[in-house]
Amino acid sequence: MNPISRRKLITMGLAATAGASGLIEANRLARRYGLVPPDSGGFFGPGETLTYACQRLLTARTPAREFPRSMISKNPFANEVAPPKEEFKRLQAGGFRDWRLVVDGTVARPTSFSLADLKSLPIHSQITEVACEEGWSYIAEWIGTPLSGVLRETGVLPQSRYIVYYSIEKGLWESIDMADAMHPYTLLTMGMNDGDLPVPFGGPLRLRVPRQLGYKSLKYVTRITATDDIKKFGKGLGSVDPEYGYAWYAGI
Ligand SMILES: Nc1nc2c(c(=O)[nH]1)N[C@H]1C(S)=C(S)[C@@H](COP(=O)(O)O)O[C@H]1N2
Ligand SMILES: [Mo]
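Residues numbered from 1 in each chain as written. Chains lettered and ligands numbered in written order. Predicted model: local features only at pLDDT ≥ 70, side-chain atom pairs only at ≥ 80, totals over all residues. Heavy atoms only, no water.

Right, let's talk about helix α3 (residues 45–59) for a bit. Relative to the 21 Å expected for 15 residues at 1.5 Å per residue, α3 spans 21 Å between its end C-alpha atoms, a close match to the ideal helical length. Within the sequence span of α3, burial applies to Gly45, Thr49, Leu50, Tyr52, Ala53, Cys54, Arg56 and Leu57. (Helix = DSSP H or I, 4+ residues; strand = E, 2+ residues; numbered from the N terminus. Expected span 1.5 Å × (residues − 1). Buried < 20%, exposed > 50% of the residue type's maximum accessible area, 1.4 Å probe, protein only.)

Laid out in structure tokens, this is it:
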């Protein structure tokens, strides 16, 4: 069977069983095809699995929603962050020349990139929205290099299933699956609108994941780890979000 008709079949199967009584059957199908999110164990588990499985089958390759330049927000709102650590202040005082992005885990060549290294890779720009789970949003142009290129550069190994990414902010990390990691709109962002990415918006380096809610777009990213086993990270739920009642997969 070709991949498209197989995908159609599974999606139809999931949709047909989507009623309350069908959730168990949908979960059985999702499990069989490896479409279970890391936070599927809790009370909302079956629902999360159904959402994730359907989205993965239907939209793994669709683009993020883009906007015309005229819709760029005049007054974008930067969410409050914790006061910067000494380490961050020191890097900032040096114009971020010593900022490094470490890429490790299930990659053939663990590598550390400076911002200049990242800027020498192909640069893309996209006008997309940051949508916070609390209901507000803004539109900006984001400029950077696709995460996929950096992963290829480091020889990401085929057993990789998730990409974990860390902020310099203590305890903050997130993860996405390979479909989102390799998606062309998932951008290691160094620029916003007309200049360098401002610090309040995550500068010098933010991972923009425009197909998911704002909380997946982590600011101040310093490390990216590829893994075949997400259960090894934190409480094994794929991020800290599910510990606070938010879905690991936050597709929009
Ligand atoms: N390092 C870091 N990244 C973060 C956050 C944060 O507190 N710290 N907040 C997240 C949340 S909840 C949202 S909605 C967006 C907000 O993006 P903005 O600050 O550009 O508005 O950033 C996300 N990335
Ligand atoms: Mo948010």
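This paragraph deals with the site of ligand 1. Close to ligand 1 lie 20 residues; Phe77, Asn79, Tyr138, Glu169 and Lys219 are nearest. Contact distances for ligand 1 include 2.5 Å between an oxygen atom and a side-chain N or O atom of Tyr138. In the environment of ligand 1, an oxygen atom lies 2.8 Å from a nitrogen or oxygen atom belonging to the side chain of Arg206. Tallied by class, residues from the shell around ligand 1 come to 12 nonpolar, four polar and four charged. (Near = heavy atom within 4 Å. Polar contact = N/O pair within 3.5 Å; in protein donor to acceptor, adjacent residues only side chain to side chain. Nonpolar A, V, L, I, M, F, W, Y, C, P; charged D, E, K, R; others polar.)

The subject of this paragraph is the environment of Val150. Following the sequence through the fold, Val150 ends up in helix α6 (residues 147–153). Under the relative-accessibility criterion, Val150 is labelled buried at 1%. Note: C-alpha distance between Val150 and Leu188 (38 residues apart in sequence) is 8.9 Å.

A separate point is unusual backbone geometry. With an omega of 15 degrees, the peptide bond running from Gly203 to Pro204 counts as cis. Assignment of secondary structure puts Pro204 in the loop between β8 (195–196) and β9 (206–208). Despite not being glycine, Phe96 shows a phi value in the positive range, around 60 degrees. Following the sequence through the fold, Phe96 ends up in the loop between α4 (86–93) and β1 (101–105). If you check the backbone angles, Asn193 has positive phi at about 50 degrees while not being a glycine. Take Asn193: it is sitting in the loop between β7 (187–192) and β8.

This part is about the nonpolar core. Formed by 30 residues in total, the largest nonpolar core has its most connected members in Trp99, Leu101, Leu118, Leu147, Ile163 and Ile224. Looking at this core, the elements that each hand over two or more residues are α4, β1, α5 (115–119), α6, β5 (162–167), α7 (178–181), β7 and β10 (221–227). Non-local contacts of Ile163, meaning those with residues more than four positions away in its chain, are made with Leu147, Leu151, Glu174, Ser175, Ile176, Met178, Ala181, Ile224, Thr225 and Ala226. (Core = buried A, V, L, I, M, F, W, Y, C linked by side-chain atoms within 4.5 Å. Contact = heavy atoms within 4.5 Å.)

In spatial order, the strands read β2-β1-β10-β5-β6; together these five strands make up an open sheet with mixed pairing. Strands at the two margins of the open sheet, each flanked by one partner only, are β2 (111–113) and β6 (173–177). With direction set aside, neighbouring strand axes in the sheet form an average angle of 20 degrees. One ladder, built from three bridges, connects β1 with β2; its direction is antiparallel. (Pairing = 2+ DSSP bridges. Axes fitted to C-alpha atoms, helices over the stretch in contact; angles between N-to-C directions.)

Attention now goes to the pattern of salt bridges. Close approach of charged atoms allows side chains of opposite charge to pair. Evaluation of the coordinates by the stated rule reveals 10 salt bridges. We note a salt bridge from Arg56 to Asp177, for which the minimum N-O separation is 2.5 Å. Of this pair, Arg56 sits in helix α3 while Asp177 sits in strand β6, and the two are 121 residues apart along the sequence. We classify Asp177 as buried; its relative accessible area is 6%. We note a salt bridge from Asp180 to Arg56, for which the minimum N-O separation is 3.0 Å. On the criterion of sequence distance, the pair formed by Asp180 in helix α7 and Arg56 in helix α3 is long-range, its members being 124 residues apart. Owing to a relative accessible area of 1%, Asp180 belongs among the buried residues under this scheme. One network of salt bridges, with partners in common, ties together Arg56, Asp177, Asp180 and Arg211. (Salt bridge = Lys/Arg side-chain N within 4 Å of Asp/Glu carboxyl O.)

What follows deals with the environment of Asp196. By secondary structure assignment, the location of Asp196 is in strand β8. Judged by its relative accessible area of 59%, Asp196 is exposed. Beyond its immediate stretch of four places on either side in the chain, Asp196 contacts Lys119, Met190 and Gly191.

Within β10, five of the seven residues are buried, leaving the element largely enclosed by the surrounding structure. Sheet topology places β1 next to β10; four bridges connect them, and they run parallel. Among the inter-strand pairings, Val103 is bridged to a residue of β10, identified as Ile224. Sheet analysis places β5 next to β10, joined by six bridges and oriented antiparallel. The residue of β10 that forms the bridge with Ser167 is Val221.

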